[in-house]
Amino acid sequence: MKRDEPEMEEDELRLEYDLKSLRVRRLGSRRKSFGEIVRLEPDVAEMFPNADAVNEALRFLLRVMQENKPPSTGWRK
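In this report, the structure presented in the accompanying data block is examined.

Criteria and cut-off values
Residues numbered from 1 in each chain as written. Predicted model: local features only at pLDDT ≥ 70, side-chain atom pairs only at ≥ 80, totals over all residues. Heavy atoms only, no water. Helix = DSSP H or I, 4+ residues; strand = E, 2+ residues; numbered from the N terminus. Buried < 20%, exposed > 50% of the residue type's maximum accessible area, 1.4 Å probe, protein only. Areas by Shrake-Rupley, 256 points an atom, 1.4 Å probe, with all protein chains shown as cover. Patch = residues over 30% accessible without salt bridge, like charges linked within 9 Å, V, L, I, M, F, W, Y side chains within 5 Å. Salt bridge = Lys/Arg side-chain N within 4 Å of Asp/Glu carboxyl O. Expected span 1.5 Å × (residues − 1). Polar contact = N/O pair within 3.5 Å; in protein donor to acceptor, adjacent residues only side chain to side chain.

Observations concerning the overall build of the protein chain
Inference 1: Looking only at helices and strands, the protein chain has 2 helices and 0 strands in total.
Inference 2: In the protein chain, which comprises 77 residues, the share counted as buried stands at 3%.
Inference 3: Per element, the accessible surface of the protein chain, about 9,300 Å² overall, is 53% carbon and sulfur.

Have a look at this one:
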């Protein structure tokens, strides 16, 4: 099957692509983020295959900490 349109050069863009309105995302405080990024040290990172495993371990730790919190007495001096 023969194509009617000639092959485009690698650097050519079609006229309908308007790239003037695009903004470049920059690093820093003005960047909109999709969540916090936490970098793990290599020895810790090798223990977790993915982000879900890290979150599961941290949630478990939070539950243990809450269960082992000493009960409050309800009054203070």
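Continuing now.
A word on a nonpolar patch on the surface
Inference 1: Together, Leu58, Leu61, Leu62 and Met65 give the surface a local cluster of nonpolar side chains, amounting to about 390 Å² of exposed area.
Inference 2: Position of Leu61 among the secondary structure elements: in helix H2 (residues 51-67).

Considerations on H2
Inference 1: Helix length check: H2, at 17 residues, gives a terminal C-alpha distance of 24 Å against a target of 24 Å (1.5 Å per residue), a fit within 8%.
Inference 2: Near the N-terminus of H2, the side chain that reaches the backbone nitrogen of Asp52, with its oxygen 3.2 Å away, is that of Asn50.

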